[in-house]
Amino acid sequence: MCIPHGATGTVSNGFVKKERPQKNIKRVSQKEFEKGDPNFIDERTKAYRPKEEKSFLASLFK
């Protein structure tokens with residue numbers, strides 16, 4: 001006689017899963033989303049400059 005797969009029940013192996021806090025991100029208002037954070041302080045030390053891309057030959061004959 002066959003026994004269905006789900007009929008045997010579960011067997012505990014002693015593993016206890018830790019409860020972790022949810023990683024929810026606070027939703028911002030539509031105004032702040034469109035205009036940006038008014039209290040934002042830019043802490044960068046240098047202005048962003050994109051890296052200049054050189055051709056292969058230019059990098060060989062430098």
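Each value, and the rule that gives it
- Residues numbered from 1 in each chain as written.
- Predicted model: local features only at pLDDT ≥ 70, side-chain atom pairs only at ≥ 80, totals over all residues.
- Heavy atoms only, no water.
- Helix = DSSP H or I, 4+ residues; strand = E, 2+ residues; numbered from the N terminus.
- Areas by Shrake-Rupley, 256 points an atom, 1.4 Å probe, with all protein chains shown as cover.
- Patch = residues over 30% accessible without salt bridge, like charges linked within 9 Å, V, L, I, M, F, W, Y side chains within 5 Å.
- Salt bridge = Lys/Arg side-chain N within 4 Å of Asp/Glu carboxyl O.
- Lys, Arg positive; Asp, Glu negative; His and termini not counted.
- Charge placed at Lys NZ, Arg CZ, Asp CG, Glu CD.
- Buried < 20%, exposed > 50% of the residue type's maximum accessible area, 1.4 Å probe, protein only.

Peer 1: Just checking my understanding: could you explain the overall build of the chain for this structure?
Peer 2: Within the chain, the regular secondary structure consists of 2 helices and 0 strands. Carbon and sulfur atoms provide 55% of the accessible area of the chain, an area that totals close to 8000 Å².

Peer 1: I'm lost on a positive patch on the surface in this one. Help?
Peer 2: Taken together, Lys17, Lys18, Arg20 and Lys23 make up a surface patch of like positive charges. We classify lysine 18 as exposed; its relative accessible area is 69%.

Peer 1: What am I meant to see in the pattern of salt bridges here?
Peer 2: Note that side chains of opposite charge can pair when their charged atoms are close. Evaluation of the coordinates by the stated rule reveals 1 salt bridge. Put simply, aspartate 42 and arginine 44 hold a salt bridge, and the shortest N to O gap is 2.8 Å.

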